[in-house]
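# Secondary and tertiary structure notes
Chain by chain, the residues:
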Amino acid sequence: MNVVSLTKPIVALIFSALIGGGNKTASTAEVTYIPVTDDQGVFHVVYDNANGSRFLLQILDREGNQLYQHVFADKKFTRDFQLVDADSYLKVKFVIRNLGEKTSQCFEVETNSHVVEDVNVREVK
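Residues numbered from 1 in each chain as written. Predicted model: local features only at pLDDT ≥ 70, side-chain atom pairs only at ≥ 80, totals over all residues. Heavy atoms only, no water.

### Topic: the environment of Ala 50
- When you line up the elements, Ala 50 lands in the loop between strand 4 (41-48) and strand 5 (55-61).
- A relative accessible area of 57% means that Ala 50 is categorised as exposed.
- Once the C-alpha coordinates of Ala 50 and Asp 74 are considered, the two residues, 24 residues apart in sequence, prove to be 8.8 Å apart. (Helix = DSSP H or I, 4+ residues; strand = E, 2+ residues; numbered from the N terminus. Buried < 20%, exposed > 50% of the residue type's maximum accessible area, 1.4 Å probe, protein only.)

### Focus: the packing of aromatic side chains
- Tallying each qualifying case throughout the model produces seven aromatic pairs.
- A ring pair is formed by Tyr 33 and Phe 43, whose centres lie 5.2 Å apart and whose planes are at 55 degrees; its orientation type is tilted. Of this pair, Tyr 33 sits in strand 3 (residues 29-35) while Phe 43 sits in strand 4, and the two are 10 residues apart along the sequence.
- Residue Tyr 33 is classed as partly exposed on the basis of its relative accessible area, which comes to 24%.
- In this structure Phe 43 comes out as buried when scored by relative accessible area, which is 4%. (Phe/Tyr/Trp six-rings, centres within 6.5 Å; stacked < 30°, edge-to-face > 60°.)

### Comments concerning the environment of Leu 56
- On the secondary structure map, Leu 56 appears in strand 5.
- We classify Leu 56 as buried; its relative accessible area is 13%.
- Each C-alpha atom, one on Leu 56 and one on Gln 69, is 7.0 Å from the other, the two residues being 13 residues apart in sequence.
- Not counting the four nearest positions on each side in its chain, Leu 56 is found in contact with Gln 69, His 70, Val 71, Val 95, Ile 96, Arg 97 and Leu 99. (Contact = heavy atoms within 4.5 Å.)

So this is what it looks like as structure tokens:
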């Protein structure tokens, strides 16, 4: 008897963050992705603003369109952000500009979908 086993395709989303900079950079910010469900997740943003300077947080889409912008002055900033329609954004940028220190950090998040299909065929006697 021949046996064929098929597993359902699995779609995996991979997010990668790349740190870039402006004039001067200081590694005081961090952006991480926390999966909540199979197709949704939360971006956790942490920024250590020791001087309490005003800073601008922007979230931009692939074309540079602004999805979110706000000015904060928290010394220990931590916020979670969730995109309403995450499937429509294949690339998102998080930009943090410290207005007092004239520093900036940029995190680029790319979504890559991979379909994995596992097929096993074996003969059973």
